[in-house]
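# Structure at a glance
What follows is the residue order along each chain.
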Amino acid sequence: MEIHLNRVDYIQVTRSIMMLDWHLVLFQVAIADHDGILTCFGMKKGEAVPMFKTLPGQKIARMDLGGAVGTPQEKIFVCSGSQVRGFTKKGKQFLTFEANLTESINAMHVSGADLFVCASYIYNHYCDCKDQDYYLSGDKINDITCLSSENLTRLIPVLACQDRVLRVLQGSELAYDIEVPGPPSVLELYNRDKGEEILYGTTDGKIGLVQIGEDSAVTKWEIDNDKKKGGILCIDTYDIVGDGVNDVLVGRDDGTVEVYGFDSTNEPALRFEHVLSESVTSIQGGCVGKESYDEVLTATYTGWVTGLTTEPQKAEAGPGDEVKMSKETQSKVEALRAELEQLQVKVLQGREQYQQTSQSSTAVSAVPVFSVNDKFTLCQDDASYSLTLEVQTAIDNLLLQSDVPIDLLDVDKNSAVVSFSECDSEPNGNFLLATYRCQANTTRLELKVRSIEGQYGTLQAYITPRLQPKTCQVRQYQIKPLSLHQRTHSIDQDRPMNRLNLVGQFSFAEIHSWVVFCLPEVPEKTPAGDSITFYFHNTFLGTQLEATYCKGEGHFRSDNISTISILNDVLSKEATKRKINLNISYDISDDSVSHTLKMIHPKLEYQLLLARKVQLIDALKELQVHEGNADFLIPEYRNILDESANLLEEYKKQPAHLERLYGMITDLFIDKFKFKGQNVKTRVSSLLEILDNYDLNSLLEFFQ
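A brief report on the enclosed structure follows. Quantities reported herein were computed from a predicted structural model and do not represent experimental measurements.

Cut-off values and rules
- Residues numbered from 1 in each chain as written.
- Predicted model: local features only at pLDDT ≥ 70, side-chain atom pairs only at ≥ 80, totals over all residues.
- Heavy atoms only, no water.
- Helix = DSSP H or I, 4+ residues; strand = E, 2+ residues; numbered from the N terminus.
- Expected span 1.5 Å × (residues − 1).
- Buried < 20%, exposed > 50% of the residue type's maximum accessible area, 1.4 Å probe, protein only.
- Polar contact = N/O pair within 3.5 Å; in protein donor to acceptor, adjacent residues only side chain to side chain.
- Pairing = 2+ DSSP bridges.
- Axes fitted to C-alpha atoms, helices over the stretch in contact; angles between N-to-C directions.
- Phe/Tyr/Trp six-rings, centres within 6.5 Å; stacked < 30°, edge-to-face > 60°.

### Things to note about helix H4 (residues 561-577)
- Over its 17 residues, H4 runs 25 Å from end to end, which matches the ideal 24 Å to within 8%, given 1.5 Å per residue.
- Taking burial as the measure, the 17 residues of H4 include twelve buried ones, the bulk of the element.
- Within the sequence span of H4, burial applies to Ile561, Ser562, Thr563, Ile564, Ser565, Ile566, Leu567, Asn568, Val570, Leu571, Glu574 and Ala575.
- Two or three places before Ser562, at the opening of H4, Asn560 has a side-chain oxygen 3.0 Å from that residue's backbone nitrogen.
- Of the residues one or two after H4, Lys579 is the one with positive phi, at around 60 degrees.

### Side note on unusual backbone geometry
- The backbone phi angle of Asp128 is positive, close to 55 degrees, even though this residue is not glycine.
- Examined against the element boundaries, Asp128 turns out to sit in the loop between strand S12 (122-127) and strand S13 (130-136).
- In this structure, Asn441 is a non-glycine residue whose phi angle is positive, near 70 degrees.
- Locating Asn441 in the fold gives a position in the loop between strand S34 (432-437) and strand S35 (444-451).
- By relative accessible area, which is 65% here, Asn441 ends up exposed.

### Brief notes about the sheet that holds strand S26 (residues 280-286)
- As summarised here, the arrangement of the four strands in space is S1-S28-S27-S26, forming an open sheet in which the pairing is antiparallel. Since the sheet does not close on itself, it has two edges, and those belong to strand S1 (6-12) and S26, each with one partner. Geometrically, the sheet is characterised by an average inter-axis angle of 20 degrees between neighbouring strands, direction not taken into account.
- Note: strand S27 (residues 295-300) against strand S28 (residues 304-309), five bridges, orientation antiparallel. The partner of Ala299 across the bridge, within S28, is Val305.

### A short note on the packing of aromatic side chains
- Across all of its chains, the model carries 16 aromatic pairs by this definition.
- With a centroid separation of 4.8 Å and 15 degrees between ring planes, the pair formed by Phe376 and Tyr385 is classed as stacked.
- Here Phe376 falls in the buried class, since its relative accessible area comes to 19%.
- Measuring from ring centre to ring centre gives 5.1 Å for Phe669 and Phe702, while their planes differ by 35 degrees; the resulting arrangement is tilted. Of this pair, Phe669 sits in helix H8 (residues 657-674) while Phe702 sits in helix H10 (residues 696-703), placing them 33 residues apart in sequence. Each member of the pair, Phe669 as well as Phe702, is classed as buried.

Printed below as a string of structure tokens:
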């Protein structure tokens, strides 16, 4: 059953903040912001009326509601730095608790007298402000929640960790962990009263429901991100459909708001979707604007609190109809006009004052401060990096500069005009200079780039907003040597594997820093214990890598010789920088070469076929025009004409895809014989001839 919701804008909090969290308490909304201000407002006669507002302070990272178990959760808890404060619904502060953590709190959950807080890697549990439990996580903690129900004998804390794992704790120990399909960014109890099921959302846009037990867990369902929407920033549950079953409300970083209901088989189905112009940082269901009308309340990056309400809107007047407004609406319009006029006067006065002071010899120009919300993530589906930039004011232009070869891919959502500048890679190290000129009111840009493994460096983004005086911020993103590899939970041990072994006088922290330099998604903090094993898969080719290392030893296994070759070159260079002697040994499997070529084969065959079809399109169109129709063509050619638009679009979205595959096969050929002490670069031209007349068997014979 589809639902219809209408948008209502309520309030915008301080311009320079980001909305983090808010909750509905008896038709009141509590808002915490990055200026350290906690605001609570209610609705009177259709207007947002502040109930209380705290003074500015340190940035508020999280907010949660609490209270005695079994009573309405009306107390508001916020955390800033390592401090937790509690407020009543009337704004009176009743708690100040210093957690004494070395890092700032980034996740918090309150349950009765129990307080659960997490810094980047550290979990702490307090009961009545007294220390109870402590846990050091193997990777960064993104969120925390806690289950308590009649069916459970104890409180069960659950951590959402960056390494694609939900960690379930018992006291200060790990009870078990749950593998999820992406890095979990947010957790939410599906039913707070009977909490045994947890909803999770991932940074790559997937959603799932897990039933948690004391000793094990069961995944109930998962929703994949087939339409390539943004990552999940917030989740809530509320019966917005009105069928007696809690619906799942989802907010994404691309501005998408979704409502999922459940069909007769208890499978989730999308009931409603709305796209806002900026990322949705908080979402909750409740009743705010008008009693008896439920709504989905959202908070966005620039501080807008917006409702999507079930209240039907009055029909708009047509071109010839008279617009009749109620007295209430007329007074609202007049108040808004008066406020707008006051703001325009203030802006004019400010400009005049700025012009006068700027002409003074003692005047100092103040650089406008603006914050940038950015994300640089590897997309598994197309083996590309997604760079998302969001600014609180309109973006004027964006300059991209890279000192390594990368391809810019087309993004449908991007309306900016891109232009490329010629750059000389030799003296300056510039491989890419591209400028994006944005349309008016563009506050969010999404770009896609694809890197080449083995070539590493820095991608820089220069962001210039529409502010006076002109100012710019630079953001840097590291392109790692094995940039297309992604963490995974396990690998196929039956594949033919190549081995690289390192032995030397290096510490556990030193070799871990080398692995962090080489591979994405590895925690910067040195793991606890004496040794560690990480598993990776290549998102472009599907090959895999196992990295096991400890103090003085490192062992790397991969079914792709080129991966071993890149690791060998980079690790040797990093050890040389630190003047550490390495004893390096290899164990190369010839079977792995044919295995890798067979993995490349379907991709190469598809791209060759696509390129040939695209080459035929213009000639076939000329024939069609000349003959008047395409009936005389064989079915294969008629199909190419019918699908020409889709073929051209697909080809345009994948620039240099064929050249990349050629490059990977060439590197594989060179690396195979490099480990045997042979230089075969003179035979590359013969290899390219075989690729131009591609046949898998001929290619396998050439490699032999």
